[in-house]
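# Observations on chain architecture
Here are the chains, one letter per residue:
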Amino acid sequence: MQNRILIIDFGGQYNQLIARRVRECGVYSEVKGFESITLDDVKAFDPKGIIFTGGPQSAYGDGAPSIDSGIFELGIPILGICYGMQFMAYKLGGKVSTAPTSEYGRTEVTVDNKDGVLRNADDTTVVWMSHTDYVSETPEGFTVTCHTKDCPIAGMENIEKGMYAVQFHPEVNHTLQGFDMIRSFVLDACKCDQDWQMAAFAEEQIAKIREKVGDGKVLCALSGGVDSSVAAVLLSKAVGKQLTCVFVDHGLLRKNEAEEVAAVFGPEGEYDLNFIKVDARERFYEKLKGVTEPEAKRKIIGEEFIRVFEEEAKKIGKVDYLVQGTIYPDVIESGLGKSAVIKSHHNVGGLPDYVDFKEIIEPLRSLFKDEVRKTGLELGIPEYLVYRQPFPGPGLGIRIIGEVNAEKVRIVQDADYIYREEVAKAVAAGEMTAPNQYFAALTNMRSVGVMGDFRTYDYAVALRAVETSDFMTAEAVDIPWKVLQTCMTRIINEVDGVNRVFYDLTSKPPGTIEFE
Ligand code: XMP
């Protein structure tokens, strides 16, 4: 019987990431919602270990996510993470209360006891925190394994009973030794054999798609970004010319992007696809006139996208399937799991009610960004495309705070182009490594400045650069001051309508990567 870990989902943001880390240990895992699983289901699943995830609620609050306390009596090792730790403490007779100081982001933790999952941790190490409650008293039989300045019980264990818990998130990369902690739990505490390997994802998907589509026609929404490019190539390998890729220029693309995408995927490019480019710029600007609310903008852009696709589909004749490059973080951040809604990414949560296709195919829905890239390489997509920084579906629409218009798009495109050019130069000169995502955004703020002898009243551009591998958490990049200064000078001199440049230092959480 294959070794497996059961992950009980209490509604946190990073739950699939936990599953992914367990997979990286070579052990099969499944995530199940707390409300859809009974104690008998747990027994039937026969896990070698159980992980309780984080979640947004208070363990002592009304309607708090819960599972039958009998789970603690099964003799199966349990690791509680964040809410999972608080739930464990609360159910076993400890105390959970509101922390006097909430902790978010990078936090230094001091390790007090290395008998359990912290066995390989340094005496002090950096972890990722995101909590407002904490365990103020451990249940009987538990020892405290680590603490931070503001959290006296940042970890607790009762090794005899196989109970382990941490207040921080070991599953995110920003917890420096987090993967080792998960591996300790899975391999040492649960004694799992490493008997699972990720099947060749691309091959499996190609076979599945072929079977599903038969001789039907498929339309792919190609944006030129990594996700939709991988989805498009996957589909073209599966169904060849039954696939038509539609690329919509919604007027919210980066400078020169429409031409670059057409060069790669169009008739002159390297793929054997049906490729259609639609110039829908005016149409999108018209719809976005006067709209300032971020979610409203996303919904409008998402809806208009679908309308354009539907029109193109009608021209082609009967189209059965629509392909989208939705990836896992889009799914959870849109609140389709039980996590709280942060943003409705247009290609998932913002879909209009009426969609004139038989079905939507989302072959990358279970993958994280770096897994998408691996798949892309497996498919033979060139590295420069695979490692392209991500660009959101709603494009510059969510990088322009407030109302969008052609003039603001021009400003942000030009500023962004200069910023990318300068970062590329600095990377080539070995002055910095390429950030995972970096861009200019247009704040809706205008302020007074002086240029020559004239007073100006112009826009402020914000520059952002983040380091992240999963895009679920991120940190601002320490860009050399000299590079920022060059960008500032060039942007103000070369881009009409800008008289101030900011650099954004915010990590995620509490910020998000995009501004809207
Ligand atoms: P946030 O801003 O949510 O961004 O921290 C995380 C990653 O998702 C991208 N993003 C989007 N992608 N539609 C998309 O297709 C969207 O509405 C959207 N919002 C954010 C963002 O660029 C980053 O890579």
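Presented here is a report on the structure given in the accompanying data block.

Reading the values: the criteria
Every residue gets a number counted from 1 within its own chain, in the order that chain's sequence is written. Per-residue local features are limited, in this predicted model, to residues with pLDDT of at least 70; the limit for side-chain atom pairs, both in listing and counting, is 80 or more; totals at the level of whole chains, interfaces and linings are taken over all residues. The side-chain figures draw on all heavy atoms in the structure; neither hydrogens nor water molecules are used. Where helices and strands are cited, they refer to DSSP runs of H or I of at least four residues and of E of at least two residues respectively, numbered from the N terminus. Pairs of residues are marked as contacts when any of their non-hydrogen atoms sit within 4.5 Å. In plain words, nonpolar cores are sets of buried Ala, Val, Leu, Ile, Met, Phe, Trp, Tyr and Cys residues tied together by side-chain atoms within 4.5 Å. We call a residue buried when its accessible area falls under 20% of the maximum for its residue type, exposed when it is over 50%, and partly exposed in between, using a 1.4 Å probe and counting protein chains only. Boundaries of every domain are those given by an automatic assignment or by a domain database. One fewer than the residue count of a helix, multiplied by 1.5 Å, yields its expected span. Think of the arc as the fan of directions from the helix axis to the C-beta atoms.

## Describing the environment of D458
- Here D458 lies in strand β16 (residues 454-467).
- As a C-alpha pair, D458 and I71 span 387 residues in sequence and 61 Å in three-dimensional space.
- Setting aside residues up to four positions removed in sequence, D458 forms contacts with M445, R446, S447, G497, V498 and N499.

## Section: the nonpolar core
- In terms of nonpolar packing, the biggest core is built from 88 residues, with F265, F309, L364, L463 and I491 touching the most fellow members.
- In terms of residue count, helix α6 (residues 226-239) provides more of this core than any other element does, nine residues in total.
- Residues lining this core come from more than one domain, with at least three contributed by each of domain 2 (198-386) and domain 3 (399-503).
- Other than its neighbours up to four places away in sequence, F265 contacts L222, S229, V233, Y271, L273, F275 and L385.

## Remarks on helix α5 (residues 201-213)
- Helix length check: α5, at 13 residues, gives a terminal C-alpha distance of 18 Å against a target of 18 Å (1.5 Å per residue), a fit within 8%.
- Among the residues of α5, those classed as buried are F201, A202, Q205, I206, I209 and V213. Projected down its long axis, α5 carries its buried residues within an arc of 125°, all on one side. Away from the buried face of α5 by more than 90 degrees, exposed residues E203 and E211 are located.
- Tucked inside the fold, the buried residues of α5 contact β10 (218-221), α6, β13 (321-323), β14 (359-361) and α11 (369-378).

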